[in-house]
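Fold and geometry: a report
This is what each chain is made of:
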Amino acid sequence: MASVQIADVRKAYGSTQVIHGVDIDINDGEFVILVGPSGCGKSTLLRMIAGLENISGGEIRIGPKVVNDVPPKERDIAMVFQNYALYPHMTVADNMAFSMKLRKAPKSEIDERVSKAAQILGLNNLLERYPRQLSGGQRQRVAMGRAIVRDPQVFLFDEPLSNLDAKLRVQMRTEIKELHQRLKTTTVYVTHDQIEAMTMADKIVVMHDGIVEQMGAPLELYDRP
Ligand code: ADP
Ligand code: ADP
């Protein structure tokens with residue numbers, strides 16, 4: 001678990017500036033949702049927190065460390081994508097174990113963490129299946145399992161529920177929230193869905209055209225007289 005400090009962060013692609021000096025302080029264990037219309041810069045900001053995108057100005061720190069000073073292999077974050085990004089040729093168990101294998105973790109530790117994650121996410125009976133043999137919701141659960149197996153300092157979610165049908169979306173909101181209450185991992189979650197933001201976030205950051213328009217607890221933002 002770690003705080004995330006985003007200070008005067010800017011991003012340009014060529015001569016086009018898409019993020020204009022964003023400041024966000026995220027506390028240890030907080031669940032923060034970035035919300036706003038398509039194209040406002042949410043994913044770009046998330047990718048910069050992940051260190052997947054260079055920063056044009058300002059600074060992002062995870063705990064005491066500046067993101068871009070930490071070599072990629074030592075970055076202690078896990079990201080969950082909209083399209084799940086599972087490896088099609090690997091079983092559920094192998095998908096979940098993969099990042100720890102890359103890090104050469106001992107097999108006993110990998111097995112223990114995979115089985116704990118499978119239990120938390122209700123994947124015990126699916127460990128030998130391949131992604132194509134799973135429903136959409138199950139795939140998204142495996143993607144989350146892969147993230148929690150690593151026990152990262154920070155979880156990043158990029159529109160994780162957008163490909164699911166309405167009923168499953170509501171169910172997965174509750175599951176993700178419960179997962180957060182259990183693990184208390186600092187989370188930054190991107191969505192364009194205001195209801196998701198309202199029901200899941202400790203703090204909502206409303207973005208518009210590359211700036212932060214509003215920031216606060218759900219009731220502070222949406223329950224004004
Ligand atoms: P959101 O996630 O809020 O939909 P993005 O962060 O994806 O927004 O995009 C913000 C802006 O940056 C958009 O105008 C988008 O077209 C632009 N953009 C995103 N990625 C690139 C890129 N690789 N090259 C050029 N422009 C990009
Ligand atoms: P969704 O519409 O939510 O994606 P599906 O209709 O694909 O769900 O799947 C419904 C159920 O059938 C799920 O429990 C899933 O695990 C199971 N299932 C889907 N495809 C296969 C398959 N190829 N082999 C075994 N089970 C499958």
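This text goes with the structure placed above it.
Here's what I pulled together on the structure shown here.

What counts, and where the lines are drawn
- Here the residue numbering is sequential within each chain, running from 1 through the sequence in written order.
- Here the convention is simple: chains get letters from A, ligands get numbers from 1, in the order in which they are written.
- Confidence filtering applies because this is a predicted model: local features only for residues at pLDDT of at least 70, side-chain atom pairs given and counted only at 80 or more, and all residues used for totals across whole chains, interfaces and linings.
- Think of the side-chain values as coming from all heavy atoms in the structure, minus any hydrogens and water.
- The helix and strand labels rest on DSSP assignments: H or I over at least four residues marks a helix, E over at least two residues marks a strand, and numbering proceeds from the N terminus.
- Each helix should span, by expectation, one fewer than its residue count multiplied by 1.5 Å.
- Categorising residues by exposure relies on relative accessible area from a 1.4 Å probe, with only protein chains included: less than 20% of the type maximum marks a residue as buried, more than 50% marks it as exposed, and the intermediate range marks it as partly exposed.
- Note: the arc covers the axis-to-C-beta directions of the helix.
- Throughout, a contact is declared for two residues whenever any of their heavy atoms are within 4.5 Å.
- Here the rule is simple: two strands pair whenever DSSP picks up at least two bridges between them.
- For helices, the fitted axis covers only the stretch in contact; all axes are lines through C-alpha atoms, and the angles between them, taken along N-to-C directions, range from 0 to 180 degrees.
- Any residue with at least one heavy atom within 4 Å of a molecule or strand is counted as near it.
- Polar contacts, as used here, are pairs of N or O atoms within 3.5 Å; protein pairs need one atom able to donate a hydrogen and one able to accept it. Residues neighboring in sequence count only if both atoms are side-chain atoms.
- For every accessible area listed, the method is Shrake-Rupley and the probe measures 1.4 Å; residues are considered covered only by the protein chains on display.
- In this classification, the charged set is Asp, Glu, Lys and Arg, the nonpolar set is Ala, Val, Leu, Ile, Met, Phe, Trp, Tyr, Cys and Pro, and all remaining amino acids, among them Gly, are polar.

**A word on helix H3 (residues 107-121)**
Here H3 is 15 residues long and its end C-alpha atoms lie 21 Å apart, about the 21 Å a rise of 1.5 Å per residue gives. Every buried residue of H3 is listed here: Ile110, Val114, Ala117, Ala118 and Leu121. Projected onto a plane normal to the axis of H3, the buried residues spread over an arc of 100 degrees and lie on a single side. Exposed side chains of H3 directed beyond 90 degrees from the buried face belong to Ser108, Glu112, Lys116 and Gln119. Among the structural elements, helix H2 (92-102), helix H4 (136-149) and helix H5 (166-183) are those in contact with the buried residues of H3.

**Some points on the pairing of strand S10 (residues 211-216)**
Pairing of strand S9 (residues 203-208) with S10, which is carried by five bridges, proceeds in the antiparallel orientation. Bridge pairing in S10 places Ile204 opposite Gly216. Counting the residues between successive antiparallel strands, the hairpin from S9 to S10 contains two residues, one of them, Asp209, with a positive phi of roughly 45 degrees.

**Side note on the sheet that holds strand S3 (residues 31-35)**
Spatially, S6-S7-S8-S3-S9-S10 is the arrangement adopted by the six strands of the open sheet, whose pairing is mixed. The outermost strands of the open sheet, each flanked by one partner alone, are strand S6 (77-80) and S10. Pairwise comparison of adjacent strand axes, ignoring direction, gives a mean angle of 20 degrees for this sheet. Here four bridges tie S6 to strand S7 (residues 154-158), and the two strands are oriented parallel to one another. Across the sheet, the residue bridging to Ala78 is Phe155, located in S7. Packing of H4 onto the sheet brings it into contact with S6 and S7, and relative to S6 it is tilted by some 175 degrees.

**Some words on the site of ligand 2**
Surrounding ligand 2, one finds Arg129, Gln133, Ser135, Gly136 and Gln138. Backbone polar atom of Gly136 to an oxygen atom of ligand 2: 3.0 Å apart, as the coordinates give it. Isolated, ligand 2 exposes 550 Å² of accessible area, and the fraction of that covered by the protein chains is 39%. A breakdown of the residues in the shell around ligand 2 according to their chemical character gives no nonpolar, four polar and one charged.

**Comments concerning the environment of Asn68**
Along the chain, Asn68 falls in the loop between strand S5 (65-66) and S6. Note on Asn68: relative accessible area 34%, which makes it partly exposed. Along the primary structure Asn68 and Val32 are separated by 36 residues, whereas in three dimensions their C-alpha atoms are 21 Å apart. Residues within four places of Asn68 in sequence aside, it is in contact with Glu53, Asn54, Ile55 and Arg75.

**Digging into the sheet that holds strand S2 (residues 16-26)**
Sheet architecture is open: four strands sit in the order S2-S1-S4-S5, paired in antiparallel fashion. A strand with exactly one partner marks an edge of an open sheet, and here the two such strands are S2 and S5. Here helix H1 (residues 42-49) sits on the sheet in contact with strand S1 (4-13), S2 and strand S4 (57-62), set at roughly 120 degrees to S1.

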